[in-house]
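Take a look at the letters that make up each chain.
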Amino acid sequence: MTRPLVVGMGGSLRTPSTSLTALSVAVEGAADAGAGTVVIDLKRLALPFYTSEHGIPASARQLADTVQAADALLWSSPTYHGSVSGAFKNAVDWLALLADHDPPYLSNKPVGMLTTAGGVQGLQAINAMEFIVRSLRGWAVPLVFAVPRSSRIFDGDGRLTDQAVADQLRGLGAEVTRAALQFRADGTCDYAQERAPGAVRE
Ligand SMILES: Cc1cc2nc3c(=O)[nH]c(=O)nc-3n(C[C@H](O)[C@H](O)[C@H](O)COP(=O)(O)O)c2cc1C
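These lines cover the structure that appears in this document, whether it is placed above or below.

Parameters and conventions
- The residue count restarts for each chain, going from 1 along the sequence in the order it is written.
- Two thresholds apply to this predicted model, a pLDDT of at least 70 for residue-level local features and 80 or more for giving and counting side-chain atom pairs, whereas whole-chain, interface and lining totals are computed over all residues.
- Hydrogens and waters are ignored; side-chain quantities use all the structure's heavy atoms.
- Helix and strand assignments come from DSSP, with helices taken as H or I runs of at least 4 residues and strands as E runs of at least 2, each series counted from the N terminus.
- By this rule the span expected of a helix is its residue count minus one, scaled by 1.5 Å.
- Relative accessibility under 20% of the residue-type maximum defines a buried residue, over 50% an exposed one, and the middle range a partly exposed one, all with a 1.4 Å probe and only protein chains included.
- Whether two residues are in contact is decided by their heavy atoms, any of which lying within 4.5 Å being enough.
- Structural elements are reduced to axes, namely lines fitted to C-alpha atoms, with helices fitted over the stretch in contact, and the angle between N-to-C directions of any two is expressed from 0 to 180 degrees.
- Orientation categories follow fixed angle ranges, with anything under 35 degrees roughly parallel, anything over 145 roughly antiparallel, 65 to 115 roughly perpendicular, and all other angles oblique.
- Whether a crossing is left-handed or right-handed is set by the direction in which the near helix is turned from the far one by less than a right angle, anticlockwise for left-handed and clockwise for right-handed.

Before going further, it helps to examine helix α1 (residues 18-32). Compared with an ideal rise of 1.5 Å per residue, which puts 15 residues at 21 Å, α1 spans 21 Å between its outermost C-alpha atoms and is within 8% of the ideal. Most of α1 sits out of view: eleven of its 15 residues are buried. After α1 finishes, the residue Gly34 shows a positive phi value of roughly 110 degrees.

You can see Arg137 is positioned in the loop between α5 (123-135) and β5 (139-147). Residue class for Arg137 comes out partly exposed when judged on its relative accessible area of 48%. In sequence terms Arg137 and Thr21 are 116 residues apart; their C-alpha atoms lie 27 Å from each other. The residues touching Arg137, leaving out its near neighbours within four places in the chain, are Pro104, Tyr105, Leu106, Ser107 and Asn108.

With that settled, the discussion passes to the packing of α1 against helix α7 (residues 163-186). Relative to each other, α1 and α7 sit at 50 degrees, their axes nearing to 7 Å. In terms of orientation, α1 lies oblique with respect to α7. Two packed elements cross with a definite hand, and for α1 against α7 that hand is right-handed. Only Ala166, Leu169, Arg170, Gly173, Ala174 and Thr177 of α7 make contact with α1, whose side of the interface consists of Ala22, Val25, Ala26, Glu28, Gly29, Ala30 and Asp32.

Given below as structure tokens:
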């Protein structure tokens, strides 16, 4: 059996971006668990604001095609004003391009969610993501991780300095890979396995 493809998507428009670093670590966890991986850095993708009126920009087509090819996704947004960032929401709005696929949108794709937050309310961004996942017909993986107090967890260059947080992010990547393999095997998903210590179930 070929390796499942786990696509990470996120980061902020800031450099360095803690949510991009966190995403990269989770994606490493997915790779360690046996997945092929791709990271979509939303800053580099530079998507225009979503509209259906002026044709499809190449960046949006690239996003939609990469997501369509994925067996599972990892989403990472910074927590902005108690939710996801506008840039992240704009990216998922472009997934409207998958509406006409069969099956549509994110059908049969598990989605692992993480955020970095300046404070301790990152779960609000996770909850916003979960609403979006459900609306796109994806499967929100119950294991999530909101990294709190990002300025204490990442250094000034955006590097992750906390080993326990790194382990939890890798655990999330591994869980998403496991879910992807299970979907592939029989089209169902049993999330009831042990999970990374300290990670939160929604
Ligand atoms: C516009 C804006 C809104 C923010 N809102 C929140 C918030 O509601 N709660 C919070 O805990 N942190 C908030 N933060 C802090 C960011 O979540 C935090 O700095 C995060 O690590 C940024 O991610 P990044 O490094 O990927 O840009 C906000 C930051 C900005 C710039």
